[in-house]
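Each chain, written out:
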Amino acid sequence: MPPRVFTEEEKEKLRESMLDQAIPLLEEYGLTHMSVDKITKRVGIGKSTFYNFFSSKEEYVSYALEHNRKKLLDALDKKFPPGKKMKPAQIFDMWFTTLLSNNSVYKNFSAEDERALYEADKARGKEVSLERETYVAERLFGHLEGVRENLNVALISNYIKLIVLAYENSYMFHDSEMEHMQTELKIRLIDLIFEDETKKELIALLNKKGE
């Protein structure tokens, strides 16, 4: 039987279905133990079909993280159109409790995984870019009240990466002070992003979560 020929619409739907499965797979296996076999089994496709879309699992995850970020930003655009902004406390659980926490998908990443993803990004022209990070920051923070003017996006981005990398490499740190250290980093991040009144509210929420 000759191989099935997909229409462009079918290809796009299949690609999106594959990308949607990446986060659950990362949560279950981490990048190290994720394999093309596990990906194709989860999606219900053959390996040859996978390689028609992606050259490796690292490239797949690189595209998937970008896809997931875009979905989040698009959802915010839809829920909060121009002129309508949300209070930062509304995203507290999403950002600080899920993304920047030990519950994050990144907890299963290693330094080697990060390097592999960096190389995958680099291969597709997506190296660390202040212009790209500024675009993401403007789309995200543009939906929030109480954001400072003239944000230092490079410094904010570095703090976010420090938080994530610390969770990924927790074995290097004193366990008894790990959460305390992360709280201090998040307080600094809040200080860099928000004006004083909003900052006080978020720091109070963060400290309450840590009790």
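Here's what I pulled together on the structure shown here.

Note that Q182 resides in helix α10 (residues 178–193). According to the relative accessible area criterion, Q182 is buried, its value standing at 0%. Discounting residues that sit within four places of it in the chain, Q182 has contacts with I163, A166 and Y167.

This brings us to α10. Between its first and last C-alpha, α10 extends 23 Å over 16 residues, near the 22 Å set by a 1.5 Å rise per residue. Where α10 is concerned, the buried positions are M178, Q182, T183, L185, K186, L189, I190, L192 and I193.

A word on the packing of aromatic side chains. Evaluated as defined, the whole model comprises six aromatic pairs. Seen in terms of ring centroids, F50 and Y51 are 5.2 Å apart; in terms of plane orientation they differ by 90 degrees. Their pairing is edge-to-face. By relative accessible area, F50 is classed as buried at 0%. When the centroid spacing of 6.3 Å and the interplanar angle of 35 degrees are considered together, the rings of F53 and F54 count as tilted. Look at F53 and you get partly exposed, because its relative accessible area is 21%. Taking the relative accessible area as the measure of exposure, F54 reaches 1% and is therefore buried. Through pairs of rings, three or more aromatic residues link up here, namely F50, Y51, F53, F54, Y60 and Y63. One residue, R124, lies across the ring of Y63, its end atom 3.5 Å from the ring centre.

Cut-off values and rules
- Residues numbered from 1 in each chain as written.
- Predicted model: local features only at pLDDT ≥ 70, side-chain atom pairs only at ≥ 80, totals over all residues.
- Heavy atoms only, no water.
- Helix = DSSP H or I, 4+ residues; strand = E, 2+ residues; numbered from the N terminus.
- Buried < 20%, exposed > 50% of the residue type's maximum accessible area, 1.4 Å probe, protein only.
- Contact = heavy atoms within 4.5 Å.
- Expected span 1.5 Å × (residues − 1).
- Phe/Tyr/Trp six-rings, centres within 6.5 Å; stacked < 30°, edge-to-face > 60°.
- Lys NZ or Arg CZ within 6 Å of the ring centre and 35° of its normal.

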